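What follows is the residue order along each chain.
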Amino acid sequence: MTRTDGSRTALQAFQELFLFSFQTMAEDDARYLLFLCTANLYRSRFAEGLFNHGALRRGLGWRAFSRGLLAEERESGLSPHARNGFLLAGVDPGLTSPGPRRLTRQCLREADRVIALQESEHRPFLEEHFPGDCDRILYWNIPDIDVLSPPQALIAIQDGVEAEWRRLAPTAGRTGS
């Protein structure tokens, strides 16, 4: 929300920068993490928003975006499960894409790191449609709602995202003196 004096909040400034930078990835120094799920409404969008929230706070120089293997493209739409997860985690839903987007080869090329949320569900599709890119995809095992309850899935996604923050931190792998 814009302040009464017309100035932008820090979140609005970040969102504008994030959207601008995403549109011009090739010209940007940030690195990109791509989260994949089936419809791009729930798991990947929650991972994207949560990752961006923590990456911004930690100054990681990484941004996440998300795509769905079978997403129906539209301007808006976010699962109530993801929305509730954002509320509970204190994350603004504006740190995720405005609506579901379908995976393209260009998305895979622009991403520095790719994580698919459920190996048994996503690997066969990726091997069939993107065979040259499968070796660089990391697979988590966080099933969709028909197998794992949303609260359990959101906790598993949060655990995975927190591990990514630690792995991608500028000091990761360095030893202190």
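The rules behind each value
Residues numbered from 1 in each chain as written. Predicted model: local features only at pLDDT ≥ 70, side-chain atom pairs only at ≥ 80, totals over all residues. Heavy atoms only, no water. Core = buried A, V, L, I, M, F, W, Y, C linked by side-chain atoms within 4.5 Å. Buried < 20%, exposed > 50% of the residue type's maximum accessible area, 1.4 Å probe, protein only. Helix = DSSP H or I, 4+ residues; strand = E, 2+ residues; numbered from the N terminus. Contact = heavy atoms within 4.5 Å. pLDDT = per-residue confidence, 0-100. Salt bridge = Lys/Arg side-chain N within 4 Å of Asp/Glu carboxyl O. Phe/Tyr/Trp six-rings, centres within 6.5 Å; stacked < 30°, edge-to-face > 60°. Lys NZ or Arg CZ within 6 Å of the ring centre and 35° of its normal. Polar contact = N/O pair within 3.5 Å; in protein donor to acceptor, adjacent residues only side chain to side chain. Pairing = 2+ DSSP bridges. Axes fitted to C-alpha atoms, helices over the stretch in contact; angles between N-to-C directions.

A. Summary view of the nonpolar core. Of all hydrophobic cores here, the largest spans 28 residues; its most connected members are Phe35, Phe51 and Val161. Elements that contribute at least two residues to this core include exactly strand S1 (31-37), helix H2 (43-58), strand S2 (62-68), helix H3 (80-89) and helix H6 (150-168). Ranked by residue count, the leading element in this core is H6, at six residues. Excluding residues that lie within four positions of it along the chain, Phe51 makes contacts with Leu33, Phe35, Trp62, Arg63, Ala64, Val161, Glu164, Trp165 and Leu168.

B. Region of interest: the confidence of the model for the chain. Overall, the predicted model of the chain reaches an average pLDDT of 85, with 80% of residues at or above 70. Segment residues 20-27 is flagged for pLDDT under 50; beyond a separation of four residues in sequence, or across chains, it makes nine contacts in the model.

C. Here's a closer look at the pattern of salt bridges. For the coordinates displayed, the defined rule picks out eight salt bridges. With a shortest N-O distance of 2.7 Å, Arg113 and Glu164 are connected by a salt bridge. Of this pair, Arg113 sits in strand S3 (residues 113-116) while Glu164 sits in helix H6, and the two are 51 residues apart along the sequence. Taken as a pair, Arg113 and Glu164 share a single burial class, namely buried. In this structure, the salt-bridge partner of Glu164 is Arg167, at a minimum N-O distance of 3.8 Å. On the criterion of helical spacing, the pair formed by Glu164 and Arg167 is a turn pair, its members being three residues apart in helix H6.

D. Here's a closer look at the packing of aromatic side chains. Under the counting rule described, the total for this entry stands at four aromatic pairs. A connected cluster of aromatic rings, assembled from ring pairs, spans Phe35, Phe51 and Trp140. Lying over the aromatic face of Trp165, Arg58 brings its terminal NZ or CZ to 3.9 Å of the ring centre.

E. Examining the side chain of Thr38 more closely. Examined against the element boundaries, Thr38 turns out to sit in the loop between S1 and H2. Reaching out from Thr38, the side chain makes a polar contact with the side chain of Glu121 at a distance of 2.3 Å. Non-local contacts of Thr38, meaning those with residues more than four positions away in its chain, are made with Arg43, Gly68, Leu69, Leu70, Ala71, Glu121 and His122.

F. Structural view of unusual backbone geometry. For Asn40, which is not a glycine, the phi torsion comes out positive at approximately 60°. Here Asn40 is to be found in the loop between S1 and H2. The class of Asn40 is buried, set by a relative accessible area of 0%.

G. Summary view of the pairing of S3. A two-sided burial pattern is seen for S3, the buried positions comprising Arg113 and Ile115 on one face and Val114 and Ala116 on the other. Across four bridges, the pairing between S1 and S3 is parallel. Within S3, the residue paired with Leu33 across the bridge is Arg113. In the sheet, S3 pairs with strand S4 (residues 137-139) via three bridges, with the strands oriented parallel.

H. Focus on the sheet that holds S1. On the basis of which strands lie adjacent, the open sheet formed by four strands has the order S2-S1-S3-S4 and parallel pairing. Strands at the two margins of the open sheet, each flanked by one partner only, are S2 and S4. Strand-to-strand twist in this sheet, taken as the mean axis angle between neighbours without regard to direction, amounts to 25°. Relative to S2, S1 runs parallel, the two being bridged by seven bridges. When the bridges of S2 are listed, Leu33 appears paired with Ala64. Set on the sheet, H6 makes contact with S1, S2, S3 and S4; between it and S3 the angle comes to about 165°.

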